[in-house]
Amino acid sequence: YQDLHTFELQAPTRLIEWGRGNRVCVAGYGQSGGNEILQLLPPPTLQVKETQGLCPERDFKVECGGFSDRPVYSLKYVPDTSLLVTSGPPDSSLQVWQVSAEDSDVIKSLSAIPTENGAGQPWAKMATISARAPWVLHGSRLASVQVTEVESRKKVYTAASGSSEELSGLAFLDCNTLLLCCAKGQLCLADVRQPQSPLEAASVPSALCGERWCMGVGRGPQGSDSSSQPVARLSSGGHLTLTDLRRTSESLASARCRVPSPASGAEFLCVSWAPALEGCLAVSGFDGTVHVYDTRSWDGSGGEAEPIFVHKGHAFGGWDSGGSPPLVTAHTWHPQKPRTLLSAASDGSLHVWDWVQSCGKF
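All of these numbers come straight from a predicted model, not from anything done at the bench.

### Examining the packing of aromatic side chains
Point 1. Per the counting criterion, the structure on display carries 7 aromatic pairs.
Point 2. Taken together through their ring pairs, the aromatic side chains of F309, W333, W353 and W355 make up a single cluster.
Point 3. Between the NZ or CZ atom of K125 and the centre of the ring of W123, over which it lies, the distance is 4.1 Å.

Structure (structure tokens):
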């Protein structure tokens, strides 16, 4: 490791979100009430642009927090605001939160965004943007996708679809274009300017049917349009496929992760692109590790890929509250530091790590 910081949370968390000023937000997912939502100030070494040698303070600090009476399965900062949006069981509604001002340490619940026929629906997947106004893209099924203005709760867009396909991920490609990923792996593009256009989901290879999928959307080259953003899909069987959005029914490259066994529930599957390393992505959700891969040499063979680094820190942390080995529940890349990632596990551990650059690799 180049560097490694650890922080012990009071309860397991299933998400990590970067916010204003490189703050980090985490939240609990317990089924009982009183799930914490915390905004953490990272260690000073993560707040400087360059490594400045030894630093006496190596811990995260809790800046402010609040409590949710429902499990938090998804959390998003609303860019350019002090608002958070969360979702979780037992329905597909959203909760809106106000992050405290400097003179307070409370994250306060503001309002809820209901969804039509939301009762009994799976929890909503989300994405946020503030290109025109603070918007949230949300939905649990293809037919329930909508864009809502966060502050006024006004509907901006509603999908024209009768499909009951469950969603595993949503993303804004730009202020007009939406990308949806179904749990069965299909991708679907939508445009908020064309609300009457029916959504059509591209299929996945029949050999990979029956697995559950998630997606990660990367950044395209600077100045490029949204269609050049790389998209990776990860299945519960450990399959990875890379897609060009101009041809969503085709695969640019594919590989198989080196995972110990397929993920049975796929509840914590996560794949994400490095924002500052070309062709580099990270995978977690199968066990107590995070694997980092260089995709630049991948082809269409689907063979097993060799990770360039494996973070095993959580696997040696003991046992979680259920008496099982820790499972990585979430990971995310640092927005500016190329090889720095954060990861959280089911035992409440939060790690920040930066691996040593191998000769010839990044």
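Resuming the write-up.
### Notes on the nonpolar core
Point 1. Ranked by size, the top nonpolar core spans 20 residues in total, and within it Y157, L178 and L180 carry the most contacts.
Point 2. Of all the secondary-structure elements, those providing two or more residues to this core are β10 (125-129), β11 (135-139), β14 (167-172), β15 (177-182) and β16 (187-191).
Point 3. For L180, the contacting residues outside a window of four places in its chain are L142, V145, L167, G169, L170, Q186, L187, C188 and L199.
Point 4. Listed in part, the 18 residues of the second largest apolar core include L240, L281, F286 and A305.

### Focus: the environment of C214
Point 1. Among the secondary structure elements, C214 is positioned in strand β17 (residues 213-217).
Point 2. Along the backbone, C214 and A266 are 52 residues apart, and their C-alpha atoms lie at a distance of 8.7 Å.

### Quick look at the pattern of salt bridges
Point 1. Enumeration over the complete set of coordinates arrives at 12 salt bridges.
Point 2. For R14, the salt bridge is made with E267, and the minimal N-O distance between the two is 3.1 Å. Pair noted here: R14 is in strand β2 (residues 13-18) and E267 is in the loop between β20 (253-256) and β21 (270-273), with a separation of 253 residues, a long-range link.
Point 3. For R212, the salt bridge goes to E166, with nearest N and O atoms at 3.4 Å. Remark: E166 occurs in the loop between β13 (155-158) and β14 and R212 occurs in the loop between β16 and β17; sequence separation between them is 46 residues.

### Some remarks on the pairing of strand β19 (residues 239-243)
Two faces belong to every sheet, and in a regular strand the side chains alternate between them.
Point 1. Burial analysis of β19 places 4 of its 5 residues in the buried class, which makes it a mostly covered element.
Point 2. Bridge analysis of strand β18 (residues 231-235) against β19 gives 4 bridges, and the strand direction is antiparallel. Paired with A232 across the two strands is L242, which belongs to β19.
Point 3. The hairpin turn running from β18 into β19, its antiparallel successor, is 3 residues long, and G238 in that turn takes a positive phi close to 90 degrees.
Point 4. Across 4 bridges, β19 lies against β20 in antiparallel orientation. Each bridged residue has a counterpart across the sheet, and for T241 the counterpart in β20 is S254.

### Structural notes on the environment of E267
Point 1. What makes E267 partly exposed here is its relative accessible area of 42%.
Point 2. Note: C-alpha distance between E267 and S236 (31 residues apart in sequence) is 9.2 Å.
Point 3. With residues up to four places along the chain from it excluded, the contact list for E267 reads R14 and Y73.
Point 4. Polar side-chain contacts of E267 include one of 3.1 Å to the side chain of R14.

### Some points on the side chain of H291
Point 1. Position of H291 among the secondary structure elements: in strand β23 (residues 290-294).
Point 2. A distance of 3.3 Å separates a polar atom in the side chain of H291 from a polar atom in the side chain of T289.
Point 3. At 3.2 Å, the side chain of H291 forms a polar contact with the side chain of Y293.
Point 4. Apart from the residues within four sequence positions on either side, H291 is in contact with R258, L281, A282, V283, P307, F309 and V310.

### Details of the pairing of strand β8 (residues 94-98)
Point 1. Most of β8 is tucked away: 4 of the 5 residues are buried.
Point 2. With 5 bridges connecting them, strand β7 (residues 83-87) and β8 associate as antiparallel partners. Each bridged residue has a counterpart across the sheet, and for L84 the counterpart in β8 is W97.
Point 3. As paired elements, β8 and strand β9 (residues 108-113) share 5 bridges and run antiparallel to each other. Pairing of W97 across the sheet is with S109, part of β9.

### Things to note about the side chain of T128
Point 1. As for its position among the elements, T128 is in strand β10.
Point 2. A polar contact of 2.6 Å, which involves the side chain of T128, links it to the backbone oxygen of Y77.

### What about unusual backbone geometry?
Point 1. Following P89, the chain continues into P90 via a peptide bond in cis, with omega recorded as 15 degrees.
Point 2. With respect to the secondary-structure elements, P90 resides in the loop between β7 and β8.
Point 3. The phi dihedral of D80 is positive, around 65 degrees, even though this residue is not glycine.
Point 4. Position of D80 among the secondary structure elements: in the loop between β6 (74-77) and β7.
Point 5. Exposure remark for D80: the relative accessible area of 72% places this residue in the exposed category.
Point 6. Backbone geometry places R153, a non-glycine residue, at a positive phi of 60 degrees.
Point 7. With respect to the helices and strands, the residue R153 is situated in the loop between β12 (146-149) and β13.
Point 8. Overall, the relative accessible area of 45% leaves R153 in the partly exposed class.

### Details of the sheet that holds β15
Point 1. Spatial ordering of the open sheet is given by β14-β15-β16, a layout of 3 strands whose pairing is antiparallel. Single-partner strands in this sheet number two, and they are β14 and β16. Going from strand to strand, the sheet's axes swing by 20 degrees on average, the running direction of each strand aside.
Point 2. Both β14 and β15 contribute to a ladder of 5 bridges, which runs antiparallel. Across the sheet, the residue bridging to L170 is L180, located in β15.

What counts as what
Residue indices follow the written sequence of each chain, beginning from 1 at its first position. pLDDT decides what is reported in this predicted model: residues at 70 or higher carry local features, side-chain atom pairs at 80 or more are listed and counted, and totals for whole chains, interfaces and linings draw on all residues regardless. Each side-chain value is derived from all of the structure's non-hydrogen atoms; neither hydrogens nor water enter the calculation. Paired rings are identified among Phe, Tyr and Trp, the last through its six-membered ring, by centres lying within 6.5 Å, and are further divided according to the angle between planes into stacked (under 30 degrees), edge-to-face (over 60) and tilted (the rest). Only Lys NZ and Arg CZ are tested; either one counts as a charge over a ring when it is within 6 Å of the ring centre and within 35 degrees of the ring normal. The term nonpolar core refers to a set of buried residues drawn from Ala, Val, Leu, Ile, Met, Phe, Trp, Tyr and Cys, joined through side-chain atoms within 4.5 Å. Three labels apply to residues, based on accessible area from a 1.4 Å probe with only protein chains included: buried if under 20% of the type maximum, exposed if over 50%, partly exposed otherwise in between. Each helix corresponds to a stretch of at least 4 residues labelled H or I by DSSP, and each strand to a stretch of at least 2 residues labelled E; elements are numbered beginning at the N terminus. Any two residues whose heavy atoms approach within 4.5 Å at even a single point are treated as in contact. Here, a salt bridge means any side-chain nitrogen of Lys or Arg that lies within 4 Å of a carboxyl oxygen of Asp or Glu. The pairing criterion for strands is at least two bridges between them, as found by DSSP. Pairs of N or O atoms within 3.5 Å make up the polar contacts considered here, provided that, within protein, one atom can donate a hydrogen while the other can accept it, and that residues adjacent in sequence are counted only when both atoms are side-chain atoms. Think of each axis as a best-fit line through the C-alpha atoms, taken over the contacting stretch in the case of a helix, with angles from 0 to 180 degrees between the N-to-C directions.

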